[in-house]
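So the chains spell out like this:
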Amino acid sequence: SPFGSDFMSFGDEFNDPFEGSGMGGRSHGRFGHRRRQASPPEPVEQKFYCTLEELFRGCQKKFKILSSRIVTIDVKPGWKAGTKVSFNEQGQTIKFVLCEHPHKWFVRDGDDLRWKCKLTRQQAKKGVQLTIPMLDGTEVKWSTKGEQVYHGSCIAIASHGMPIKGGPARGNLIIEFALTD
């Protein structure tokens, strides 16, 4: 008995009241209840990593599962960390969970890209021309002349962030200024 030696099994002591009555009998277990089927195995989660460039353009990742089958995940432009893709193989669910590699100079913030620009106080006062290399190989040029730039201030440049899933729209590029002496 799964309940230990102190538990008495009623089936050993009593006759099945439904046996031979056409109301289920032993084919449905004791007292007419259906036996529970074994629950399916818990899904297996496996992390996979993409760079910001891959998440910007989209890419394909291939994985061998259960040592026999190769599956392909079509990562769409704009996918975010935490996106899950599931495959069922031989009764087992395998969930791949997207993780994002850190980038050298961009930090993803939803659909926006944040870039920290370090300037001296002299450069901030005078104004400088910024050239920011983007994930798609292009460059964004921005001048701070005439702008009020102080430590912690931000400028948002529309439509230069990550692609927004499902459409041509993009998030913003946010330039965050850090001033040094």
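Quick caveat, the model's predicted, so the values are computed rather than measured. (Residues numbered from 1 in each chain as written. Predicted model: local features only at pLDDT ≥ 70, side-chain atom pairs only at ≥ 80, totals over all residues. Heavy atoms only, no water.)

(A) Here's a closer look at the overall build of the chain. Looking only at helices and strands, one finds 3 helices and 11 strands in the chain. Listing every helix and strand of the chain by position from the N terminus yields α-β-α-β-β-β-β-β-β-α-β-β-β-β. Per-residue burial for the chain yields a buried fraction of 33% across its 181 residues. Residue pairs in contact within the chain that sit at least 24 positions apart in sequence constitute 46% of those at least 6 positions apart. (Helix = DSSP H or I, 4+ residues; strand = E, 2+ residues; numbered from the N terminus. Buried < 20%, exposed > 50% of the residue type's maximum accessible area, 1.4 Å probe, protein only. Contact = heavy atoms within 4.5 Å.)

(B) Spotlight on the pairing of strand 5 (residues 92-100). Bridge count between strand 1 (residues 44-50) and strand 5: 7 bridges; the pairing is parallel. In the strand pairing of strand 5, Lys47 is matched with Val97. Examined bridge by bridge, strand 4 (residues 84-89) and strand 5 share 6 bridges and lie antiparallel to one another. Bridge pairing in strand 5 links Ser86 to Lys95. Between strand 4 and the antiparallel strand that follows it, strand 5, lie 2 residues; Gln90 among them carries a positive phi value of about 50 degrees. (Pairing = 2+ DSSP bridges.)

(C) Spatial organisation of the side chain of Glu54. Here Glu54 lies in helix 2 (residues 52-57). A distance of 2.9 Å separates a polar atom in the side chain of Glu54 from the backbone nitrogen of Thr51. Setting aside residues up to four positions removed in sequence, Glu54 forms contacts with Tyr49, Cys59 and Lys61. (Polar contact = N/O pair within 3.5 Å; in protein donor to acceptor, adjacent residues only side chain to side chain.)

(D) Main features of the sheet that holds strand 11 (residues 173-180). Judged by pairing direction, the sheet is mixed, and its 4 strands sit side by side in the order 6-7-11-10 without closing on themselves. Two strands lie at the open edges of the sheet, namely strand 6 (106-109) and strand 10 (154-157), each paired on one side alone. Across this sheet, the average inter-strand angle for adjacent strands is 30 degrees, counted without regard to direction. (Axes fitted to C-alpha atoms, helices over the stretch in contact; angles between N-to-C directions.)

(E) Region of interest: the packing of aromatic side chains. Summed over the entire model, instances satisfying the criterion amount to 5 aromatic pairs. Their ring planes at 70 degrees and their centres at 5.7 Å tell us that Phe48 and Phe63 sit as a pair that is edge-to-face. Highlighted residues: Phe48 in strand 1 and Phe63 in strand 2 (residues 59-65), separated in sequence by 15 residues. Taking 4.8 Å as the distance between ring centres and 25 degrees as the angle between the ring planes, the aromatic pair formed by Phe63 and Phe96 counts as stacked. Taken as a pair, Phe63 in strand 2 and Phe96 in strand 5 lie far apart in primary sequence, 33 residues in all. Taken together, the ring pairs connect Phe48, Phe63, Phe87 and Phe96 into an aromatic cluster. (Phe/Tyr/Trp six-rings, centres within 6.5 Å; stacked < 30°, edge-to-face > 60°.)

(F) The arrangement of the sheet that holds strand 4 in detail. Strand order in the open sheet formed by 3 strands is 1-5-4, with mixed pairing between adjacent strands. Sheet topology places strand 1 and strand 4 at the edges, where each strand pairs with a single neighbour. Averaged over neighbouring strand pairs, the angle between their axes works out to 25 degrees when direction is ignored.

(G) Structural detail: unusual backbone geometry. Although it is not a glycine, Gln90 sits at a positive phi angle of roughly 50 degrees. Mapped onto the elements of the fold, Gln90 is located in the loop between strand 4 and strand 5. Under the relative-accessibility criterion, Gln90 is labelled exposed at 67%. For Ser159, which is not a glycine, the phi torsion comes out positive at approximately 60 degrees. By secondary structure assignment, the location of Ser159 is in the loop between strand 10 and strand 11.

(H) Spotlight on the side chain of Asp112. The residue Asp112 is located in strand 7 (residues 112-120) in this model. Side-chain polar atoms of Asp112 contact the backbone nitrogen of Asn172, separated by 2.7 Å. Every residue in contact with Asp112, bar those within four places of it in the chain, is listed here: Val107, Gly171, Asn172 and Ile174.

Functional significance is not addressed by these values, which are geometric in nature.
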